[in-house]
Amino acid sequence: MKIIVNATALDSGGGLTILNQFLENAQKNIKNEYIVFVSGSLAFEESPNIKYVKVNNRSWLQRIHWDWCGLKAFLKKYNYQYNKVICLQNTSLNVDVEQIIYLHQSIPLTDFSFNLFDKEQFKLFLYKHFYPFFIFRFANNNSKFIVQTKWMKEALIKKFKIQEQNITIIKPDVLNVKGIHLQDPVSEVPTLLYPATPYFYKNHEVLLKAFKRLKAYGELNNLVLQVTFSLGDCPVFDNAVKAYGLISNIDYLGVLPQDKLISMYVQCHAVVFPSYIETFGLPLSEAASLGKKVLCADLPYSRDVLEKYDGALFIDPFNELDWAEQILRIKALKLNECKFSFKPDVRLDLGWSDFFTIINE
């Protein structure tokens, strides 16, 4: 079977992770041939059953043109024969065959509202109110949707009336932690790790406010919050750190390679994750795979990911007092209570192999 894969916008972050995991598994699915359309900024080594075509779709207008007529014209021009189309980047495509849409953009499915006139929220406003049109423009009753969580499936059914039998939950792969840095000691300094980009909805603010509370109570001392971006990447965050007098309590780690991130998970006292908009929240699953204590926002995505994990504590994402209270308890833990403290979460959910079963149907 010959399959077209659209991934022209997946060149960084979680989207690139999805693409890499897909390609790793597609190489094993040798009975199919894949033609994968990728960003012009990426380079991949072709395998016997995978060929790549680079496309420069940097702007929204270029992406819309590609989805609506560019891809179809390209396939016609070069006389590509194909049986199915997979879109790994949320939006449906103008094609005449069955398509599988990997939907990992959760903003249209959330109940949160965004301010059109706020600079930080403007793009999210567009995603919530206009992006659904592009997700479903060329979808029909034969289109299949892949989502990462139960809450997304339920939202697709409720908000967009997608038939349940056309939606499958397939969770992304977690870091391979076997044998890497697992013997690293827990930091003697009480440390919280928040592995997230500095977007406003990641809600770093509630942690800074909790730290400010602890400082006012005389309980902050040498407690450290580690963030995975660099000083200067988020001026709003940096200014709050200075205003609250927390400069000595923040450790800017920058963007970390996979093995270094695993080391940070092992060494920290707990992982914190107060983000209020997530599709899956991969760091939650990564922390649980290492048996770490996790303080996270009490929202449907975190309940889905950590529903079977004893080491999770769910907190109102906007209640700084609750965060301060629970952080104080983490600070009081002994070192031996911070390393592999809980039975690692071993998921039995559907994974990439099941995705390829759907492709082969």
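Up top you'll find the structure we're talking about.
Let me begin by describing the structure that accompanies this report. (Residues numbered from 1 in each chain as written. Predicted model: local features only at pLDDT ≥ 70, side-chain atom pairs only at ≥ 80, totals over all residues. Heavy atoms only, no water.)

1. Thoughts on the overall build of the protein
A count of helical and extended segments in the protein gives 12 helices and 13 strands. On C-alpha atoms alone, the protein measures out to a radius of gyration of 22 Å, which is about the 21 Å that the 2.2 N^0.38 rule sets for 361 residues. If one aligns the C-alpha atoms of the protein with their principal axes, the spans along those axes are about 70 × 50 × 35 Å. Across the 361 residues in the protein, those meeting the buried criterion constitute 53%. Taking as baseline every contact in the protein between residues at least 6 positions apart, the subset at least 24 positions apart corresponds to 67%. Surface accessibility of the protein: about 17300 Å² in total, with carbon and sulfur atoms responsible for 52%. (Helix = DSSP H or I, 4+ residues; strand = E, 2+ residues; numbered from the N terminus. Rg over C-alpha atoms; globule rule 2.2 N^0.38 Å. Buried < 20%, exposed > 50% of the residue type's maximum accessible area, 1.4 Å probe, protein only. Contact = heavy atoms within 4.5 Å. Areas by Shrake-Rupley, 256 points an atom, 1.4 Å probe, with all protein chains shown as cover.)

2. What about the pattern of salt bridges?
The full count for this structure, using the stated rule, is 10 salt bridges. The partner of K209 in a salt bridge is E205, and the shortest N-O contact between them spans 3.3 Å. With K209 and E205 both in helix α6 (residues 204-216) and 4 residues apart, this pair spans about one turn of that helix. A salt bridge links E320 to R213; the nearest nitrogen and oxygen atoms lie 3.0 Å apart. (Salt bridge = Lys/Arg side-chain N within 4 Å of Asp/Glu carboxyl O.)

3. Points about helix α2 (residues 60-77)
Here α2 contains 18 residues, and its C-alpha end-to-end distance of 24 Å stays within 8% of the 26 Å for a straight helix at 1.5 Å per residue. The sharpest bend along α2 comes to roughly 55°, located at W66. Taken residue by residue, α2 has R63, W66, D67, G70, L71 and L75 as its buried positions. Along its buried surface, α2 packs onto β1 (2-7), β2 (33-39), β3 (50-55) and α4 (131-136). A positive phi of about 55° marks N79, the residue just after α2. (Expected span 1.5 Å × (residues − 1). Bend = angle between axes of the 7 residues up to and from the residue.)

4. What about the packing of helix α1 (residues 13-26) against helix α12 (residues 352-359)?
Viewed as axis vectors pointing N to C, α1 and α12 meet at an angle of 70°, and their least axial separation amounts to 10 Å. Viewed along their axes, α1 and α12 adopt a mutual orientation that is roughly perpendicular. Considering the relative orientation of α1 and α12, their crossing is right-handed. Along the contact surface, α1 presents I18, Q21, F22, N25 and A26, while α12 presents W352, F355, F356 and I359. In the contact of α1 with α12, the residues fall into 7 nonpolar, 2 polar and no charged. (Axes fitted to C-alpha atoms, helices over the stretch in contact; angles between N-to-C directions. Parallel < 35°, antiparallel > 145°, perpendicular 65-115°, else oblique. Left-handed = near helix turned anticlockwise from the far one by under 90°. Nonpolar A, V, L, I, M, F, W, Y, C, P; charged D, E, K, R; others polar.)

5. As for the sheet that holds strand β5 (residues 99-102)
Strand order in the open sheet formed by 7 strands is β3-β2-β1-β4-β5-β6-β7, with parallel pairing between adjacent strands. Each end of this open sheet is capped by a strand with a single partner; those strands are β3 and β7 (167-169). The average undirected angle you get between the axes of adjacent strands in this sheet is 20°. Those strands touched by α1 are β1, β2, β3, β4 (84-87) and β5, and its axis lies near 160° from that of β2. (Pairing = 2+ DSSP bridges.)

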